[in-house]
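The primary structure of each chain is shown beneath.
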Amino acid sequence: MSLPSVSRAERRTDAPAGTGGPLGLVFLLALALLAGSVVVSVALGQSDLSVREVWTVATERLGLGWLRIDLFGLHGAEGLTELRANLVWEMRLPRVLTAALVGGGLAVVGAVMQTLTRNPMADPYLLGISSGASLGAVAVIVAGLSLGSLGVAGGAFLGALGAFVLVLALGQRSGRLTPTRMILAGVAVGAFASAVTSFLIIWVADPHATQEAQFWLSGSLASARLPTVYTMAAAVLVGLLVCGFAARGLNAFAFGEDTAASLGIDVQRVRWVLLVVCALVTGVLVAGSGTIGFVGLLIPHAVRALVGPDHRRVLPLSALVGAVFLIWVDVVARIAFEPRDLPVGIMTAMLGVPVFLWILRRKVDR
Amino acid sequence: MTHLAEGESLTAADVSWSVDGQHILAGVDVQVPTGSFTGLLGPNGSGKSTLLRGLARLGKLDEGVVHIGSDNVHRLPRRALARRLALVEQNSATDIDLRVLDVVLLGRTPHRAALQADSATDRAIAVHQLERVDLAHLAHRRWSTLSGGEQQRVHLARAMTQEPSLLVLDEPTNHLDVGHALQLLAMVQHSGLTVLAALHDLNLAAAFCDHLVVLHQGRVAASGPPEQVFTADLLAEVYGVEADVDLHPRTGRPHLWFHPPMVPH
C-alpha cells in the first residue's frame, strides 16, 4: 500500500490480554481452584472438620469408596462418626455446592444479559425476576402457609416466572423484543412487585414473618439442601450449554443488532431463546437462595477486564470465577461472625465491591 | 488469498417500505449488474439508507422482491445470506473494548459453527483484508483509539472478511480524507465483487461507478451509466442545484461543476 506503514516491531505492542495466551491453562487453573475451594470450604465452619474427613465422606457417598481414591494421601479418616459424615453430606456440601451453582449461574446470566441489552448495568434481575421472586416468597411467608423452605422456594419461583412473563408481554411489540422496552418493562414490573412486597410485610405486621421475610430478601444459602442442589445443577447446566452455543453469536452483537443480523445472526430468535433460558435459570437460583446481588452484575465485568470481551472466554470463566467467589464469600458469612450466620447477599457487596474497584482501576491504569 | 472474488447480481423489484407509518420507499426497482460498481445517489432523506437496509434484509419489506443471483434474499437462511452479502453501515459504534483484529474476525461469523474456534486461515484472511485497507499496523490496537475514518476502514475489512460476492456500503467515504477515500473506492472497484454504495460526493461517484441509481423522495428518479444520468436537468430536479456537466480532462468521465446558489437576504 502506498500510505505510510508502521514497522512490524510496533505491531505486537499493546497485545490484547488473553488472546493467543495460554488460555487453556487459565481454564484448568480456574477449574482446579473451584474443585479445591469446594473441598476446603466444606471443611470450614462452626464445627471443625478436616479436609481428610470431607474427602473420605465425599468419595464414599458417591459410591467411589471401593476405588480408594487416595489423592494426596487423604483417604481414610480416624474417628469419623455418622454424625460428622452427615454434617458433611447433608449440610455443608449442599451449601457449598449451592454457593458454587448460584455464583456461577448468576455470573453467566449477567454476562449474557449485559450483551443482549447492550447495557453494562444489566444483571440477572433486570427483568423483574428478583422482585417477582421476592413477592412470591414473601406472599408464602406472610400467608403463614407451613410449607417450610420448599414452599417459600416454590412461591419464589412462581413469582419470578410471573414477573418475567409480564415483562415479556409488555416488552415485546408484535413479537419483536427491543432492549429499551425490555428494560423499562422490567423496571416497571419490578417497582410494582417491590411495592406489593413491602405492603404485604407491613400489612401482616407479624414480627416473626417480618424477620423471616427480611432474611429471605437478603439472600441466604443457609437453607440449602441436596434436592435443591440437583434442581439448580440441572438448570445451570442447561443454561451453560445454551449460552455456550450462543457465545460466538453474542460476539457479533458488539456493534448492535443490525451488524449482528448482517453477520448471519437471527437476532430475534437468539434474544428470545437466551432470555427465556436466562430467566428460568435465574428463577431456579433465586427460588433457592433469595436475591444475591453483585455477583451477576460485576463478575462478568471483572472477567472481561482480565481476559477481554470474547464470550467464548467470558462465559466459561464467569461461571468458574462466580462459583469460586460465592463459595468464599459464603465461608466468610458463615464463620466470620460466629455464631451468627449472615445472609450471604450482604457479604457479596461488602467483599466484592472493593475487589471489583481494584480490578477496574488496574484496568484503567494499564 | 486463494479465495477468488466473484460477483453476483442484485435485483430489487417494486420495493415499498414504510417505517413507523412513514412511507420511505415506494415502488423502487433497482438493478445492480454482476461485477458492477453501482452508486446509489440522492439527497438527504431520499431513502438511500433505508433501501440498503431493505436489500440487506434488516427488516421486512412491505412489498417487493429482492434477488441475489437467482435466490430470494428474504427466503435464504440468514447465515447463507451473510456469506454472499456483506453490509457496512454508516454508524456502527460499540462501547465494548475490542481489538481491531477481533472486529475484523467478526466477519468470519457466518463461516464458522457455534463452537468452532477461529482457524489460522480465518486469521490470515482477516489480516490480509486489514492490509488491503492499509491498517495492518493497527491490528492489535483498541477499537476506541481509532479515528472515525480508521473505524470505517476496519468495518470494510470486516465486511471483506465475510468473503461475500456482493458488498453493500452506506457512505463508505464520509469520514475519510481525500487520499483514503480515493484509495478505498479504487480498492472496492477492483475487488472483483459486485458493489452497491450510497455516495454523497457526485464527482467521486462519476469517477468510480459504472452504474448509477438516483433516488428522490423514495422513488427512482434515474438510473444508468454516469454519462447518461448526470444531466443539468436531473441535478436541478433532484438536488435543486445548478450545475454544468463536463468531462474530466484526464479520465474522460463526467465531472460536475456546481454553481453557488443565490442566497436571499
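Look up a bit, the structure's there.
Residues numbered from 1 in each chain as written. Chains lettered and ligands numbered in written order. Predicted model: local features only at pLDDT ≥ 70, side-chain atom pairs only at ≥ 80, totals over all residues. Heavy atoms only, no water.

A.B. asks: Got a sec to walk through the overall build of chain B? Specific residues and values, please.
C.D. replies: From N to C terminus, chain B includes nine helices and twelve strands. For 265 residues, the compact-globule formula gives about 18 Å, and the C-alpha radius of gyration of chain B, at 19 Å, lands near that figure. Along the three orthogonal principal directions, the C-alpha set of chain B runs to about 60 × 40 × 35 Å. Counting across all 265 residues of chain B, residues that qualify as buried make up 53%. Counting only contacts in chain B whose residues sit at least 6 apart along the sequence, the fraction spanning at least 24 positions is 64%. Approximately 11,800 Å² of chain B is accessible, and the part contributed by carbon and sulfur atoms is 51%. (Helix = DSSP H or I, 4+ residues; strand = E, 2+ residues; numbered from the N terminus. Rg over C-alpha atoms; globule rule 2.2 N^0.38 Å. Buried < 20%, exposed > 50% of the residue type's maximum accessible area, 1.4 Å probe, protein only. Contact = heavy atoms within 4.5 Å. Areas by Shrake-Rupley, 256 points an atom, 1.4 Å probe, with all protein chains shown as cover.)

A.B. asks: Mind laying out the packing of helix 3 (residues 82-116) of chain A against helix 8 (residues 226-251) of chain A, listing which residues take part and the relevant values?
C.D. replies: Helix packing geometry: the angle between the two helix axes and the distance between the axes. All names here are of chain A. For the pair helix 3 and helix 8, the least separation of the axes is 9 Å and the interaxial angle reads 25°. Viewed along their axes, helix 3 and helix 8 adopt a mutual orientation that is roughly parallel. Seen along the crossing, helix 3 lies across helix 8 with a hand that is left-handed. Where helix 3 abuts helix 8, its residues Trp89, Pro94, Leu97, Thr98, Leu101, Val102, Gly105, Val108, Val112, Thr115 and Leu116 lie against Leu226, Val229, Met232, Ala233, Val236, Leu240, Cys243 and Leu250. Grouping the constituent residues of the contact of helix 3 with helix 8 by class yields 16 nonpolar, three polar and no charged. (Axes fitted to C-alpha atoms, helices over the stretch in contact; angles between N-to-C directions. Parallel < 35°, antiparallel > 145°, perpendicular 65-115°, else oblique. Left-handed = near helix turned anticlockwise from the far one by under 90°. Nonpolar A, V, L, I, M, F, W, Y, C, P; charged D, E, K, R; others polar.)

A.B. asks: Tell me about the sheet that holds strand 10 (residues 219-224) of chain B, and please be specific about residues and values.
C.D. replies: Two modes of strand pairing occur in sheets, parallel and antiparallel, and in both the strands are linked by backbone hydrogen bonds. Residue and element names in this part refer to chain B. Pairing within the open sheet is mixed, and its six strands lie in the order 6-7-8-3-9-10. Strand pairing shows two members of the sheet lacking a second neighbour, strand 6 (85-88) and strand 10, which therefore form its edges. Geometrically, the sheet is characterised by an average inter-axis angle of 15° between neighbouring strands, direction not taken into account. Packed onto the sheet, helix 6 (residues 178-189) meets strand 3 (37-41), strand 7 (166-170) and strand 8 (194-198) and runs at close to 130° relative to strand 3. (Pairing = 2+ DSSP bridges.)

A.B. asks: Any details on the interface of chain B and chain A? Residues and values, ideally.
C.D. replies: Contact with chain B, which involves 42 residues of that partner, is made by 31 residues of chain A. Here chain B meets chain A over a buried area of about 3,300 Å², counting both sides, of which 56% is carbon and sulfur. The shortest N-O distance in the salt bridge between Asp258 of chain A and Arg53 of chain B comes to 2.4 Å. At the boundary of chain B and chain A, one finds eight residue pairs in polar contact (both at pLDDT 80 or more). Counting only elements with at least two residues in the side of chain B that touches chain A, the list comes to helix 2 (78-82), strand 6, helix 3 (100-105), helix 4 (120-132), helix 5 (148-161) and helix 6 of chain B. If one sorts the elements of the side of chain B that touches chain A by residue count, helix 2 of chain B sits on top with three residues. Residues that form the side of chain B that touches chain A fall into these classes: 16 nonpolar, eleven polar and 15 charged. (Buried area = accessible area lost by both parts, 1.4 Å probe. Salt bridge = Lys/Arg side-chain N within 4 Å of Asp/Glu carboxyl O. Polar contact = N/O pair within 3.5 Å; in protein donor to acceptor, adjacent residues only side chain to side chain.)

A.B. asks: Which residues make up the environment of Arg78 of chain B, and what are the values?
C.D. replies: Mapped onto the elements, Arg78 of chain B comes out in helix 2. C-alpha separation for the pair Arg78 of chain B and Pro110 of chain B, spaced 32 residues apart in sequence, amounts to 8.6 Å. When near neighbours in sequence (up to four residues on either side) are disregarded, Arg78 of chain B contacts Ala261, Gly264, Ile265 and Asp266 of chain A together with Arg57 of chain B.

A.B. asks: So what about a negative patch on the surface? Which residues, and what values?
C.D. replies: Residues and elements named next belong to chain B. On the surface, a cluster of negative charge is contributed by Asp14, Asp29, Asp62 and Glu63. You can see Glu63 is positioned in strand 4 (residues 63-68). Note on Glu63: relative accessible area 47%, which makes it partly exposed. (Patch = residues over 30% accessible without salt bridge, like charges linked within 9 Å, V, L, I, M, F, W, Y side chains within 5 Å. Lys, Arg positive; Asp, Glu negative; His and termini not counted. Charge placed at Lys NZ, Arg CZ, Asp CG, Glu CD.)

A.B. asks: I'd like to hear about the sheet that holds strand 2 (residues 22-32) of chain B, residue by residue, with values.
C.D. replies: Residues and elements named next belong to chain B. With respect to topology, four strands assemble into an open sheet ordered 2-1-4-5, the strand pairing being antiparallel. With partners counted over all chains shown, the strands left at the sheet margins are strand 2 and strand 5 (71-72), one partner each. The pairing of strand 1 (residues 10-19) with strand 4 spans five bridges and is antiparallel. Bridging across to strand 4, Thr11 finds its partner in His67.

A.B. asks: Please provide a residue-by-residue account of unusual backbone geometry, values included.
C.D. replies: Residues apart from glycine generally show negative phi values, whereas peptide bonds are mostly found in trans. Residues and elements named next belong to chain B. If you check the backbone angles, Arg57 has positive phi at about 65° while not being a glycine. If you trace the backbone, Arg57 turns up in the loop between helix 1 (48-55) and strand 4. Judged by relative accessible area, Arg57 falls into the buried class, the value being 15%. Positive phi, close to 70°, is recorded for Asp134, a residue that is not glycine. Along the polypeptide, Asp134 turns up in the loop between helix 4 and helix 5. The class of Asp134 is buried, set by a relative accessible area of 7%.

A.B. asks: Quick one: what's the story with helix 4 of chain B, residue by residue and with numbers?
C.D. replies: Residues and elements named next belong to chain B. Along its 13 residues, helix 4 runs 18 Å from first to last C-alpha, staying within 8% of the 18 Å computed at 1.5 Å per residue. The complete set of buried residues in helix 4 reads Asp122, Ile125, Ala126, Gln129 and Leu130. Along the long axis of helix 4, the arc covered by the buried residues comes to 135°, so they all point the same way. Tucked into the core, helix 4 has its buried residues touching helix 3 and helix 5. Phi turns positive, to about 70°, at Asp134, one or two residues after helix 4. (Expected span 1.5 Å × (residues − 1). Arc of directions from axis to C-beta.)

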